[in-house]
Amino acid sequence: MALPRPYWRGYLKLSLVSCPIALFTAASSSERVSFRQINKATGNRLKQQLVDEVTREPVEPENKGRGYEYAKNAYVLVDDEELDAIALESSHTIEIDKFVPRTEIDERYFDTPYYIVPNDQVGQEAFAVIREAMRGKDMVPLARIVVAKRERVMMLQPWERGILGVSLRYAYELRDTKDYFGEIPEIAVPKDMRQLAEHILETKAAEFEPSEFVDRYEDAVVEMLKKKQAGLPAPRERAVPPPANVINLMDALKRSLAND
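Residues numbered from 1 in each chain as written. Predicted model: local features only at pLDDT ≥ 70, side-chain atom pairs only at ≥ 80, totals over all residues. Heavy atoms only, no water.

### Considerations on the nonpolar core
Of all hydrophobic cores here, the largest spans 19 residues; its most connected members are Leu12, Ile21, Leu23, Ile94, Ile116, Met154 and Leu156. Going through the elements one at a time, strand E1 (8-14), strand E2 (17-25), strand E5 (93-101), strand E6 (110-118), helix H2 (124-134), strand E7 (139-147) and strand E8 (150-159) are the ones with two or more residues in this core. In terms of residues, this core owes the most to one element, H2, which gives four residues. Excluding residues that lie within four positions of it along the chain, Leu23 makes contacts with Pro6, Tyr7, Trp8, Ile94, Tyr114, Tyr115, Ile116, Ile145, Val147 and Met154. Of all hydrophobic cores here, the second largest spans nine residues; its members include Ile105, Val140, Met155 and Val166. (Core = buried A, V, L, I, M, F, W, Y, C linked by side-chain atoms within 4.5 Å. Buried < 20%, exposed > 50% of the residue type's maximum accessible area, 1.4 Å probe, protein only. Helix = DSSP H or I, 4+ residues; strand = E, 2+ residues; numbered from the N terminus. Contact = heavy atoms within 4.5 Å.)

Structure follows, in structure tokens:
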């Protein structure tokens, strides 16, 4: 099977050892149901058009540019060549510069997964050396890479015969938990209630099998679309009522355990 077009090409480097690599996005959303915007009166698809905010005149694609707003309605124009000319080594090289304990990386920092593969026959041995140097450790390498005109930190780890890279968010991109959890009161949970809840969780213990999880909402949308294509009416009433508030928590825990 032919591989899709690489998202990024460059080099993987560990000290003086380097090899050419290709980076591929590890996740895809192309299989999801997607909707087009249409004119409800004619059924025709709508086409978006760029309009000058001041003159209200349509703008042709060749006149579309990007600008940085440094003051109200005042912009510095920037073109792609100027951005491409910014010389960072991470624009074309993933260089490993730190080796940190995996358990110290907060999952909130995880962003996008990528598959990293050797990009030619000559560099395969160097690729294997770097990959195997990581294997079997509780530590993971951190490197830097420029993708989509941003430098990102990337966590690397061996994955089968390749390498999995996961771009990490910067600290300033994470919202402070105090803004969300700060108003939650501290509640002393009675021991018997906690034990009941723990027992309910234990009854649901299982192995993680990703294939068991399906998007039931997506499946329901597909069924609804099939009915509409067949000329059948689609239901408009909400199928599942929202859960009611728990009045007696202990009673609800006991009934939950009995149901399991």
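### Observations concerning the pairing of strand E3 (residues 66-71)
Pairing of E3 with strand E4 (residues 74-78), which is carried by five bridges, proceeds in the antiparallel orientation. Its bridge partner lying in E4, Ala71 is registered against Ala74. Linkage of E3 to E4, two consecutive antiparallel strands, is achieved through a turn of two residues, within which Asn73 is found at a positive phi near 60 degrees. (Pairing = 2+ DSSP bridges.)

### Things to note about the layout of surface pockets
There is about 450 Å³ of room inside the second largest pocket. Contributing to the lining of the second largest pocket are 14 residues, with Asp52, Glu53, Gly65, Tyr75 and Leu77 lying nearest its centre. Grouping the amino acids of the lining of the second largest pocket by side-chain chemistry returns six nonpolar, four polar and four charged. (1 Å grid on protein atoms, 1.4 Å probe; cavity = no way out; pocket = protein on both sides within 12 Å on 5 of 7 lines; lining within 4 Å. Points joined across faces, edges and corners; volume = space filled by probe spheres on them. Nonpolar A, V, L, I, M, F, W, Y, C, P; charged D, E, K, R; others polar.)

### Details of the packing of aromatic side chains
Taken as a whole, this structure holds three aromatic pairs when the rule is applied. Centroid distance Tyr170 to Tyr172: 5.6 Å. Interplanar angle 5 degrees. Geometry classified as stacked. (Phe/Tyr/Trp six-rings, centres within 6.5 Å; stacked < 30°, edge-to-face > 60°.)

### Points about the sheet that holds E7
Read around the closed barrel, the seven strands follow the order E1-E2-E6-E9-E8-E7-E5; overall the barrel is mixed. Strand-to-strand twist in this sheet, taken as the mean axis angle between neighbours without regard to direction, amounts to 40 degrees. As paired strands, E7 and E8 are joined by six bridges and run antiparallel to one another. Across the sheet, the residue bridging to Ile145 is Arg152, located in E8. Against the sheet, H2 contacts E1, E2, E5, E6, E7, E8 and strand E9 (162-168), and its axis sits at roughly 80 degrees relative to E2. (Axes fitted to C-alpha atoms, helices over the stretch in contact; angles between N-to-C directions.)

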